[in-house]
Amino acid sequence: MTETVLEPVRKTPAEPALSVRDLSVSFHSDTRTVHAVDGVSYDVAPGEVLAVVGESGCGKSVTSMAAMGLLPPTARIGGSIRLGGRELVGAPEKELQKVRGKDIAMIFQEPMTSLNPVLTIGRQIGEVLRRHQGLSRKEAKARAVELLELVGIPAPARRIDEYPHQLSGGMRQRVMIAIAVACDPAVLIADEPTTALDVTVQAGILEVLQSLRERLGTAIVLVTHDLGVVADAADRVLVMYAGRAVEQAPVHDLFAAGRHPYTRGLLGAVLRPGGEGKRRLPEIPGLVPSLDSQPDACTFAPRCSRADDTCTGSRPGLRAVEREAGADASHRAACWHPYAETQADAEAQTDAETQADADGGTGSGTDTGTGPGTSAAAQEAGK
Amino acid sequence: MTKYLLTRLRQSLITLFLVSVVVFAGIRALPGDPALALAGEERSPEALAAIRESYGLNDNVVVQYGRFIGHALTGDLGTSSRTGLPVADAIGQALPVTLELAALSLLLAIVVGIGAGVVAAVRRGKPEEWLANAIALIGLSIPTFWLGIVLVLGFAIAVPVFAASGYVPFGTDPVDNLRRMVLPAIVLGSGLAAVVMRQTRAAMLDSLSADYVRTARAKGLSRGSVVGGHALRNSLVTVVTVLGLQLGHLISGAVVTEQIFVLPGFGKLTIDAVFTRDYATLQAVVLCTSAAYILINLLVDVVYSVIDPRIRLGGAR
Amino acid sequence: MTTATTALPTPPRASKRRAGGGKLRALRRNKLALTGGIIAAVFVLTALFAPLIAPYDPSQPDFGNVLAEPSAAHWLGTDDLGRDQLSRIVHGARASMQVGLVAVVLAFLVGVPLGLLAGYYGRFADTAVSRLTDTMLAFPFLVLAVGLAAILGPSLTNATIAIGISQIPAVIRITRAETLRLKHVDYVAAAVANGGGDGTVLFRHILPNATSALIVQATVGIPAAIIGEALLSFLGLGVQPPAPSLGVMLSGAQSFLAPAPWLAVFPGLAIVAATLAFNLLGDGLRDVLDPRGATR
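Quick notes on the rules
- Residue positions are given per chain, counted from 1 along the sequence in the order it is written.
- All chains are assigned letters beginning at A, and all ligands numbers beginning at 1, according to the order in which they are written.
- Totals for whole chains, interfaces and linings use all residues, but because this is a predicted model, local features are given only for residues with pLDDT of at least 70 and pairs of side-chain atoms are given and counted only at 80 or more.
- Labels follow the DSSP assignment, with helices taken as runs of H or I lasting at least four residues and strands as runs of E lasting at least two, numbered in each case from the N terminus.
- With C-beta atoms placed from the backbone, a residue is labelled by how many other C-beta atoms lie within 10 Å of its own: buried for 20 or more, exposed for 12 or fewer, partly exposed between the two.
- Placing C-beta atoms from the backbone, we regard two residues as in contact once those atoms come within 7 Å.
- UniProt positions are given in the numbering used here, feature names are shortened, and annotations may be inferred rather than shown by experiment.
- Note on pairing: two strands pair once DSSP finds at least 2 bridges between them.
- With axes taken as lines fitted to C-alpha atoms, and helix axes fitted only over the stretch in contact, angles between N-to-C directions fall between 0 and 180 degrees.
- Classes in brief: Ala, Val, Leu, Ile, Met, Phe, Trp, Tyr, Cys and Pro nonpolar; Asp, Glu, Lys and Arg charged; the others, Gly included, polar.
- The term nonpolar core means buried Ala, Val, Leu, Ile, Met, Phe, Trp, Tyr and Cys residues held together as one set by C-beta atoms within 7 Å.
- Where each domain begins and ends is defined by an automated method or by a domain database.
- Confidence of the predictor at the level of single residues is captured by pLDDT, which takes values from 0 to 100.

Undergrad: Just checking my understanding: could you explain the overall build of chain B for this structure?
TA: When helices and strands are counted, chain B shows 13 helices and zero strands. Based on the C-alpha atoms only, the size of chain B along its principal axes is roughly 80 × 55 × 35 Å. Counting every position in chain B, which comprises 317 residues, the buried fraction comes to 47%. Sequence separation of at least 24 residues holds for 69% of the intrachain contacts in chain B that already meet a minimum separation of 6.

Here it is, written out as structure tokens:
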């Protein structure tokens, strides 16, 4: 699978399926304001898989919930989210209802709880078809069987009348995917779709997603903190840190030569000699800054070994890493002192070793397993 | 499903058996001669002897119990010492009154309680929620019998819209029947409505923040479908349970309500039996009430399992 | 950059739900609980010092002044025998409180040991106790009370017993649930491992930690008992006239609804105030002591 992923990145076509520009999301309460997302931009082309990567709380899930228009009323949203030329930010709820599930769909991290326990899965899939395509109950059911088949559920005609509790976690996530792709949406947002599942099941789910984008040309935004999943499934990667985009690159460029010190930190464990390539995000020294203090600075500076006065005094923008590249350069980083590509290999080595020591010291992040235990622990830590 | 219901049925039968033993023993635990108690006002030695004979009080206790149950099962609940008529007939006359009262109150409690509960949950933090909560709390703190008196003061004496007492069968005069039943139904249903409202609100708040509701919204469903089709559907499981647990209060409440509004129902029969020391009637009424209560709880479990497939299909919760 | 505040229909997810109005709501709830506590305290003090507070003898008739409207001399009017209603309410509160406390204590004395037994030893003890509670619950409260009154004869003591018995199942269930929960908590398991006897474990470790839940149950039980007393007395099964009781007063007032509505209003208000106060206090205590039950 790793082989197929590292294919050359597609040229972004003129019309992206989803275009996020300068998105900011903040939550206001009586006592304080939390900036969950701060000036994030990205495009996803039809048939492309964009991975959004970062630690828990970096704003990657909030970004996707904003695209779905599912943020709570306390959220303030700025910037622009365009879906096939239609502006979603500020659109009335009625309009959003017509778009959700039809043009843009989402699958969630928790397959065990994301399906309604008292309704048959057939009804839950059919519902979206009846809503958006005006199918009759009978037509919807027939189509639901096809969809279950599409997402690889055996004996779909029988499964259709079952309830969620009769299905395994992996099967439930496939049902969620069937619901999401029922109306053939232009964009599918998958928020940690495999985190709650066993490794073997994870691979199956990723395969389903891959085949969907190939067969249906769906643009997929894959939100994850699992770099193994990124390597397996993504075309391009957007790295987020503390509500901001810090680096964006084609997947092989990022893994080969990440420029942002944070990206390097993330990749540290992955690239460590002898490592087998699939790792949770490693621990990076220091704490993720609380999102309510957003100074005019690089938010990663307090944890960064390369930080200097520039970093604490002004905020770096997302810029092309190649001097000669234009504004649409595919590899961009938000850093005043990015790693240079030529030094990449040497530095990655030393960096990774330092990282390994740090990890050994903290006792976390060096866990080699990506099994369910680790997933659960990581998930819990993230909540 | 069948296995589950059979288990529940068996439990219910055991409880029913224990209840019948308690009722049977209760009458015999009366201080003094049970024949005296059963005889009521008629206390001549011949009458007492006749009662001992007809009730078989000279046999041993187990035999007596067996006969008591045997008779009860065939519909023979003894003879009222007050009227000299079969108790079963009195119950047959009282039952429709109480059933109508209970049905009307239940309807009121369900419609108002679930409606207000949903509104309170959906409009969380808004004046509607505050209002619904306040009314529910007051509703829970007002004793039914006082509410009855106040309503009579307001709507039968000050502004005579409804009648304060008496019963007219629905078949005889539907309008008059309802005119007399509305106040009792409000009195009896109000407490239940408050409980249902609180429970619905709590369950809805849980459901509305559940992942599957987020999924439903992500499907682009309308607000009505999300709230009604997904959140409420799940909340009903809890609400039905609570409703079932509260039906006992409905029975208790009916006794008082019928007393206030002078309705010739089950409750009135019970209280009258106590004051006229009509033990045959009392024994039958208590037995019937408890049996009805057990039956209702069993029915609630059946409904419960229909609503919640996890129980019906015996899967993991 | 366009800025928009989205107005989405459903509340935010659980984790964020408390962020906004949470504190405000807690404060308001505490104020309500405080108000409830004060009213409840006033009610208890009134009951304690009834003879000192009541302006008149509650059972002294005054046939020259029957069904008098509220006035300076008789703040809440007089009843059909010319008795001062305020004095009767004050003394009636005493009967209410007496029944409320005694019935709850009774229910606890029987229910707590049975609950501990069922929860701690399980197996046969649990089955037997659960069957017992089921049977008791099969009798609706009033039917039970009516039956007992019929057997024991109507009186305040018997009404208290009936109310106490009717509250036993709830106490058993709560104690049992708490015991089951606490049995598996580390420090209790440790006490068992250290060779603590059953008695030590039950009364040193489990019972003290179940106190919160039991206190909350008591604040539910007291208002229920107060209403129960009023109800039974109203039906003639509790306090017997001429002794003052809120229920007896309401029962008598029924005959004079049109000429003297105040007789029906004030005793009822007293009951509502008392039960509302205890319920508010209970809600507040539940939030503080027993967060798990907060949504009940």
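Here the narrative resumes.
Undergrad: Can you walk me through unusual backbone geometry in this structure?
TA: For residues that are not glycine, phi is negative in most cases, and the peptide bond is trans in most cases. Residue and element names in this part refer to chain A. One non-glycine residue, Asp-22, adopts positive backbone phi at about 55 degrees. By secondary structure assignment, the location of Asp-22 is in strand β1 (residues 18–28). Phi angles above zero are rare outside glycine, and Ala-155 is one such case at about 50 degrees.

Undergrad: Mind showing me how you'd approach the UniProt feature "transmembrane region" (unreviewed entry) in chain B here?
TA: Mapped onto the present numbering, the UniProt feature "transmembrane region" (unreviewed entry) falls on residues 101–122, 134–158, 178–197 and 282–307 of chain B. Taken end to end, residues 134–158 of chain B comprises 92% helix and 0% strand; its first and last C-alpha atoms sit 26 Å apart.

Undergrad: Would you mind showing me how to read the sheet that holds strand β6 (residues 104–107) of chain A here?
TA: By definition, the strands of a sheet pair up through backbone hydrogen bonds, in either a parallel or an antiparallel sense. All names here are of chain A. Judged by pairing direction, the sheet is mixed, and its eight strands sit side by side in the order β6-β7-β8-β3-β9-β10-β12-β11 without closing on themselves. Looking at which strands have only one partner, the edges of the open sheet turn out to be β6 and β11 (319–320). Summarising the sheet, β11 and strand β12 (residues 332–333) pair through two bridges and their orientation is antiparallel. The residue bridging Ala-320 from the neighbouring strand is Arg-332, located in β12. In this fold helix α2 (residues 60–68) packs onto β3 (49–53), β6, β7 (187–191), β8 (219–224) and β9 (236–241), with an angle of close to 145 degrees to the strand it touches most, β7.

Undergrad: I would appreciate a short explanation of the interface of chain C and chain B in the present structure.
TA: Frequently, the measure chosen for interface size is the accessible area that the parts lose on association. If you look at the interface, chain C gives 38 residues, while chain B gives 44 residues. Elements that contribute at least two residues to the side of chain C that touches chain B include exactly α1 (14–17), α5 (123–137), α6 (141–152), α9 (198–234) and α11 (262–289) of chain C. For the side of chain C that touches chain B, the element with the highest residue contribution is α6 of chain C, accounting for eight residues. Each residue belonging to the side of chain C that touches chain B can be placed in one class, and the counts come to 26 nonpolar, nine polar and three charged.

Undergrad: What am I meant to see in the nonpolar core here?
TA: Among the nonpolar cores identified, the biggest contains 277 residues, and Val-187 of chain A together with Ala-145 of chain C are the most heavily contacted of them. When residues of this core are sorted by domain, at least three fall in each of domain 1 (18–234) and domain 2 (258–271 + 282–373) of chain A. The residues touching Val-187 of chain A, leaving out its near neighbours within four places in the chain, are Ala-17, Leu-18, Val-44, Leu-83, Ile-104, Ala-219 and Val-221 of chain A.

Undergrad: So what exactly am I meant to see when it comes to the pairing of β1 of chain A here?
TA: On a regular strand, one side chain projects to one face of the sheet and the next to the other, so that they alternate. Residue and element names in this part refer to chain A. Looking at chain direction, β1 and strand β4 (residues 75–83) are connected through eight bridges and run antiparallel. Across the sheet, residue Ser-24 finds its bridge partner in β4, namely Gly-78. Relative to strand β2 (residues 33–44), β1 runs antiparallel, the two sharing nine bridges. Directly across from His-28, in β2, lies its bridge partner Thr-33.

Undergrad: Looking at this structure, how should I read helix α10 (residues 246–253) of chain C?
TA: A turn of α-helix holds 3.6 residues, and therefore any two residues three or four places apart point the same way. Along α10 of chain C, eight of the eight residues are buried, which leaves the element largely enclosed by surrounding structure. Along α10 of chain C, the residues classified as buried are Leu-246, Gly-247, Val-248, Met-249, Leu-250, Ser-251, Gly-252 and Ala-253 of chain C.

Undergrad: Would you mind going over the confidence of the model for chain A with me for this structure?
TA: The share of residues in chain A with pLDDT of 70 or more is 76%, and the mean pLDDT across the chain is 78. Contacts for the low-pLDDT stretch residues 346–350 of chain A, under 50 throughout, to residues beyond four places or in other chains number three contacts.

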